Amino acid sequence: MKYMLLTYLDEQEWLALSEAQQKEEMARCDPHVQWLIGSGKMLGGAPLYPTSTAATVRVHDGKRLLTDGPFAETREQLGGYTLIEARDREEAIEIAAGFLGDGSMATIEVRPIVELGPDLSVQPATAGVTGDKA
């Protein structure tokens, strides 16, 4: 089953780090990323540019409404994503925890991906996901 790991962090705290400190923080995840790639569990992922580059789009009464920045102003922003293949929710949580260490700046949200068939129907493997093991 596919899971999306959404990485949240305090963007101002991250941007206050020097480039060397940011690289050091990213390098702490490298062994885990290499293991995920080698095991075939890593399907994709990337950090995101700062929220100052974001745009939020809505349509209301047929008119496009554009707002610079993210949808909500919060202390933590979405800083990146990782798409993984995991046997079940517990394995997905273990994989997410592998990105974090003591004092980590990040929080990771783990969400199952709804897989759609060619006719856009929900495939049986993901139908009725309730947080229990698949």
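The structure this text deals with has already been given above.
The rules behind each value
Residues numbered from 1 in each chain as written. Predicted model: local features only at pLDDT ≥ 70, side-chain atom pairs only at ≥ 80, totals over all residues. Heavy atoms only, no water. Helix = DSSP H or I, 4+ residues; strand = E, 2+ residues; numbered from the N terminus. Buried < 20%, exposed > 50% of the residue type's maximum accessible area, 1.4 Å probe, protein only. Contact = heavy atoms within 4.5 Å. Areas by Shrake-Rupley, 256 points an atom, 1.4 Å probe, with all protein chains shown as cover. Pairing = 2+ DSSP bridges. Axes fitted to C-alpha atoms, helices over the stretch in contact; angles between N-to-C directions. Arc of directions from axis to C-beta. Core = buried A, V, L, I, M, F, W, Y, C linked by side-chain atoms within 4.5 Å.

Another point: the overall build of the protein. Counting its regular elements, the protein contains four helices and six strands. Listing the helices and strands of the protein from first to last along the sequence gives β-α-α-α-β-β-β-β-α-β. Taking all 134 residues of the protein together, the buried fraction comes to 25%. The contacts of the protein with a sequence gap of at least 6 include a subset with a gap of at least 24, amounting to 70%. Here the protein displays about 9200 Å² of accessible surface, and carbon together with sulfur accounts for 54% of that area.

Once that is clear, we can look at unusual backbone geometry. In most cases, non-glycine residues show a negative phi, while peptide bonds are predominantly trans. A positive phi is found at D61, a non-glycine position, where the angle reads about 55°. The exposure class assigned to D61 is exposed, which follows from its relative accessible area of 69%.

Turning our attention to the sheet that holds strand β1 (residues 2-9). The strand order across the open sheet formed by four strands is β2-β5-β1-β6, and the pairing between neighbours is antiparallel. A single partner strand is all that each edge strand has here, and the edge strands are β2 (42-47) and β6 (106-112). Adjacent strand axes in the sheet meet at a mean angle of 20° when their direction is disregarded. Both β2 and strand β5 (residues 77-85) contribute to a ladder of five bridges, which runs antiparallel. Looking at β5, one finds that P47 is bridged to G80.

Glancing now at the side chain of Q77. Here Q77 is to be found in strand β5. Classification of Q77 as buried rests on a relative accessible area of 13%. Beyond its immediate chain neighbours, meaning those up to four positions away, Q77 contacts T7, Y8, L9, D10, E11 and T51.

The pairing of β1 with β5 spans eight bridges and is classified as antiparallel. Along β5, the bridge assignment pairs K2 with E85. The pairing of β1 with β6 spans seven bridges and is antiparallel. In the strand pairing of β6, L6 is matched with E109.

A word on helix α3 (residues 30-39). Within α3, burial applies to H32, V33 and L36. One face of α3 carries all of its buried residues, which in axial projection span an arc of 100°. Residues of α3 that are exposed and angled more than 90 degrees away from the buried face: P31 and G38. For α3, the elements touching its buried residues are β2 and α4 (89-97).

If you look at the biggest cluster of nonpolar residues, it comprises 13 residues, and the most contacted ones within it are Y3, L5, I84, A86, I95 and F99. Elements supplying a minimum of two residues to this core: β1, α3 and α4. Per-element tally for this core: the top contributor is α4, with three residues.

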